Amino acid sequence: MNFFRGVIGGQAAGAQPSGAETIQKLCDRVASSTLLEDRRDAVRALKSLSKKYRLEVGTQAMHHLIHILQTDSSDSEIIGYALDTLFNVISNDDEEEQEENSQKQADDLGAQFTDIFIKEPENVTLILTLLEEFDFHVRWPGVKLLTALLKSQCTQVQAIVLVSPMGVSRLMDLLADSREVIRNDGLLLLQQLTKGNAAIQKIVAFENAFERLLDIITEEGTSDGGIVVEDCLLLLLNLLKNNSSNQNFFKEGSYIQRMKPWFEVGDDNSGWSAQKVTNLHLMLQLVRVMVSPVNSPGATSSCQKSMYQCGLLQQLCTILMATGVPADILTETINTVSEVIRGSQVNQDYFASVNAPSNPPRPAIVVLLMSMVNERQPFVLRCAVLYCFQCFLYKNQKGQAEIVATLLPSTIDANSISAGQLLCGGLFSPDSLSNWCAAVALAHALQDNPTQKEQLLRVQLATSLGNPPVSLLQQCTNILSQGSKVQTRVGLLMLLCTWISNCPIAVTHFLHNQDNVPFLTAQISENLGEDERLVQGLCALLLGICIYYNDNSLENCTKEKLKQLIDRRIGKENFVEKLGFINKHELYSRAAQKPQPSFSSPEQMLFDHEFTRLVKELEGVITKAVHKSSEEEKKEEEVKKTLEQHDSIVTQYKELIREQDAQINELKEKVSSMTAQNEQMQSTITQQLAQIQQHKDQYNILKLKLGKDTQQSGGTAEGAQVNGLQLEELEELRRQNAQLQTQLTEKDSLIASLRLESAQSADSTTAVSENAELLKELDMMRGQIQAQSAEISQLRAERQDLLRKVETAVQGGMSTAGGAGDAAKTSELEGRLSAQEAEKLKAEVKGLTESRTGLEQQLASANSTVAILQTEKAKLQKEVTESKKEQDELLVLLADQDQKIQALKEKLKELGELVEDEDDLDSRDQFDDEDEDEDEDGEEDEPNP
């Protein structure tokens, strides 16, 4: 212990050892000590020296500390010291100030020691295993050490954690720890773990991370919470950003609905702490992640729908129109609302209906545009309003029409300020940024909407008193020719290019002003400075649009004449070169990346995202149009006309084929239905033919029987009647049968002709009407067949009566000779049979009644016997139960008595008395019995004297 006092307290006598020597001795003590207390003290000393002598401790003691973690895991105190020491060695947070020449080396120490530590992946797995220990002195240092490893070598440690069994699950358990310091450091650990690793992000999300994080945010007070809320929001951003799977899981889990209470801002917005501003800023970013334009359109649309249905959009619009909201929060809210409504018609319609709480109420769009064209507003706020207006008009032709309508003469209201008036005011404002923003906003009102481009041509502006009004198109070109600032001219040129592209009428209006083309050619042909190159490129684009979308309605400005002018005044190669200045500008690529305008200063606002798409679309076709000759254009026009004619012919044939296909399908359906009906009728007729043949056979048998009966009776002259049946009736039946066979033959021929006509009906449309007539005849034949079926049924009934009469006559008339008295004898015989049967039935009923009475008596006696037996059974069961109780009581008494006897025997033994056990007594009795038996045997064996 004196050694440790010397190391820690510095009180050892003699020369003081150096830090490296002390650390070497401590490492030797850790490696060689057999007592746990000595090793613990040595590790504690290394911990105290690890900050000052970071390099020495890291190089000499790291493998000893890892060995301690592996072998002494049962002692939480030494494990905690070892983890703290490793953290001090690896972490760069608590470094002391270094000299400039060694600063880089100090920064690299953490990375070097981290590489040494994670060289063996089992070391990281060991840390994850130790995190399962609930002891605070083990778990907290383990969390800090793993966080430091992730900060130093994030990708490598993530890979190890990912393949470690239950590695992510163990880290997720930290969020459920009741100790806030561990939970909070666990949040920081998960932040580092989820950076840029989609696989780990998915695992964390499916470990119920969203539910836990949202619960923590709610418990901590949402936007009014502290740094813990910020950490939770940062972790949520890591999990959701650029991860479509987690975004879908977040939406399907109804977690969007739980975000609405975050934005419930009260009326008193005077006190906004810095932490609240940060928290709300992150919450807005989280909403934007779900509806970002870079997401898939389907996922974004689904999230936008959910945000509208749960009221989140309404809550954001409330913040948008509230007073006292900080500028940065208001700016971010505008950006968030922009992306929530972008491309969603329902959300855009709702946003158009939002009014600001003013007197009188004004639409929110008008209030925002007032901020956009006001040069005293912050730059970022004006950019946000422009983005919001662009998102409101994105794929929203209804909104575009409403904006353009506010500029038309028939809809202008002099008593109110409209969006169109604000845009025109900003377009001609002395502030160049207002000019640019208004021009871009108005261009978005015309994007991909030829109808509104034509409508905007009707707008007339009053420039000054006494002068006639001029069109908006003419006023824009007038401002261009006045040589204003570059930003203003760029904005106006983008507006004009968007306006006249894909709109020949607008091109004609633009070319109708004779000053426009000379101005454009003069701008393109001049050799201006670097700043003017962009203007030259846009002028070339505008002139190229006038060529490409020209319908040749003006004789002086046809396509060919404009190309000749370019060739003569500018040169085609020079024109194409100037056109290429647009996409070579450094700000062009930045604007093409994302829809939101993001510029660090107002001077950089030169390009719009949608305009970059237009440039990509038109640059190639304009270059080809300028280089083409008139002959090539004529050929192309002829080819276009030919293709159009061909397309029209193909379209006509397609329509004809569709109609024929429809007719063929109808005929096929009719033929198939008729075939099915014919088959059904054929089967019915076949059945009826079989029945008729059966009736014929039965009739022939019956006729033979009747012939025999008449011969036996001998009545040649008197045979006119057989049992009351007239021979005339038989002849009538024969005649009807012959008619029925004739009708069936005719039906067979009709059905065969019907099949032949049905097969021929598919080749012509005229056969349809004939098939209809055949179907009517078929229906009539069905009725006839049904009537004949009824006749057959009637014949069958008559045949049954005839058979019954014949059988009766044969049985009763075999013994008689005369035929005149057969009917009387038959009736008498029937009476006798019926009387006998009645007597027999009465006797059977009487016997059954008597047997039933006897059975009922037996049943009653059996029931009484069963009741008596059940009563006796209950008594016996009761007696058995009582006897069992008595037996149990006797057994208990016997057991008590045996215990008492045994206790008394033991006392007698202790007093020295001789006590015989029951076993001895039993054995002695057995011997006595055997002796008695031997005596008796001996007596029997003795001879008589």
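Below, the structure is looked at part by part.

### What about the pattern of salt bridges?
(1) Moving on: The full count for this structure, using the stated rule, is 20 salt bridges.
(2) Moving on: Between arginine 613 and glutamate 610 there is a salt bridge, and its shortest N-O distance comes to 2.4 Å. Note that arginine 613 and glutamate 610 are positioned in helix α34 (residues 609-627) at a spacing of three residues, about one turn of the helix.
(3) Moving on: Of the residues examined, glutamate 610 reaches a relative accessible area of 7% and is grouped as buried.
(4) Moving on: Sharing partners across several salt bridges, the network here consists of Arg40, Asp41, Arg44, Asp75 and Glu77.

### Points about the nonpolar core
(1) Moving on: If you look at the biggest cluster of nonpolar residues, it comprises 208 residues, and the most contacted ones within it are Leu146, Leu171, Trp262, Phe263, Phe351, Trp499 and Leu541.
(2) Moving on: A per-element tally of this core places helix α21 (residues 379-393) first, with 12 residues.
(3) Moving on: The residues contacting tryptophan 262, other than those within four sequence positions of it, are Leu214, Ile217, Thr222, Ser223, Leu233, Leu236, Leu280, Met283 and Leu286.

### Side note on the state of the cysteines
(1) Moving on: Per the stated rule, a full pass over the model turns up zero disulfides.
(2) Moving on: Here cysteine 424 stays unpaired: no disulfide links it, and the sulfur of cysteine 476, its closest cysteine neighbor, is 8.2 Å away.

### Some points on the packing of aromatic side chains
(1) Moving on: Applying the stated criterion across every chain yields a total of 10 aromatic pairs.
(2) Moving on: Here the aromatic rings of phenylalanine 250 and tyrosine 255 are separated by 5.4 Å at their centres, their planes lie at 40°, and the arrangement is tilted. Across the pair, exposure class does not vary: phenylalanine 250 and tyrosine 255 are buried alike.
(3) Moving on: Here tyrosine 308 and tyrosine 350 contribute two aromatic rings whose centre-to-centre distance is 5.9 Å and whose plane-to-plane angle is 65°, an arrangement assigned as edge-to-face. Of the two residues, tyrosine 308 is situated in helix α16 (residues 297-309) and tyrosine 350 in helix α19 (residues 345-353); the sequence distance between them amounts to 42 residues.
(4) Moving on: Residue classification places tyrosine 308 among the partly exposed residues on the basis of a relative accessible area of 28%.
(5) Moving on: You can call tyrosine 350 partly exposed: its relative accessible area is 21%.
(6) Moving on: Feature note: the residues Phe206, Phe210, Phe249, Phe250 and Tyr255 constitute an aromatic cluster, connected by ring pairs.
(7) Moving on: The side chain of lysine 276 reaches across the aromatic face of tryptophan 272, ending 4.5 Å from its centre.
(8) Moving on: Over the ring of tyrosine 394 we find arginine 342; its NZ or CZ atom is 3.8 Å from the centre of that ring.

### As for a nonpolar patch on the surface
(1) Moving on: On the surface, Ile649, Tyr653, Leu656 and Ile657 cluster together to form a nonpolar patch covering roughly 390 Å² of accessible area.
(2) Moving on: By the element assignment, tyrosine 653 lies in helix α35 (residues 630-713).

### A look at the packing of helix α18 (residues 327-341) against α19
The geometry of a pair of packed helices is captured by two quantities: the angle between their axes and the separation between those axes.
(1) Moving on: Viewed as axis vectors pointing N to C, α18 and α19 meet at an angle of 135°, and their least axial separation amounts to 8 Å. As far as their axial angle goes, α19 and α18 are oblique. Facing Val337, Val340 and Ile341 of α18, the residues of α19 in contact are Asn347, Gln348 and Phe351.
(2) Moving on: Of the residues in the contact of α18 with α19, the class split is four nonpolar, two polar and no charged.

### Here's the deal with the environment of leucine 562
(1) Moving on: Relative to the elements of secondary structure, leucine 562 occurs in helix α31 (residues 559-569).
(2) Moving on: When its relative accessible area of 4% is taken as the criterion, leucine 562 is described as buried.
(3) Moving on: Residues leucine 562 and isoleucine 547 lie 15 residues apart in sequence; the distance between their C-alpha atoms is 6.7 Å.
(4) Moving on: If sequence neighbours within four positions are ignored, leucine 562 has contacts with Leu511, Val517, Cys546, Ile547, Asn550 and Cys557.

About the cut-offs
- Residues numbered from 1 in each chain as written.
- Predicted model: local features only at pLDDT ≥ 70, side-chain atom pairs only at ≥ 80, totals over all residues.
- Heavy atoms only, no water.
- Salt bridge = Lys/Arg side-chain N within 4 Å of Asp/Glu carboxyl O.
- Helix = DSSP H or I, 4+ residues; strand = E, 2+ residues; numbered from the N terminus.
- Buried < 20%, exposed > 50% of the residue type's maximum accessible area, 1.4 Å probe, protein only.
- Core = buried A, V, L, I, M, F, W, Y, C linked by side-chain atoms within 4.5 Å.
- Contact = heavy atoms within 4.5 Å.
- Disulfide = S-S within 2.5 Å.
- Phe/Tyr/Trp six-rings, centres within 6.5 Å; stacked < 30°, edge-to-face > 60°.
- Lys NZ or Arg CZ within 6 Å of the ring centre and 35° of its normal.
- Patch = residues over 30% accessible without salt bridge, like charges linked within 9 Å, V, L, I, M, F, W, Y side chains within 5 Å.
- Areas by Shrake-Rupley, 256 points an atom, 1.4 Å probe, with all protein chains shown as cover.
- Axes fitted to C-alpha atoms, helices over the stretch in contact; angles between N-to-C directions.
- Parallel < 35°, antiparallel > 145°, perpendicular 65-115°, else oblique.
- Nonpolar A, V, L, I, M, F, W, Y, C, P; charged D, E, K, R; others polar.

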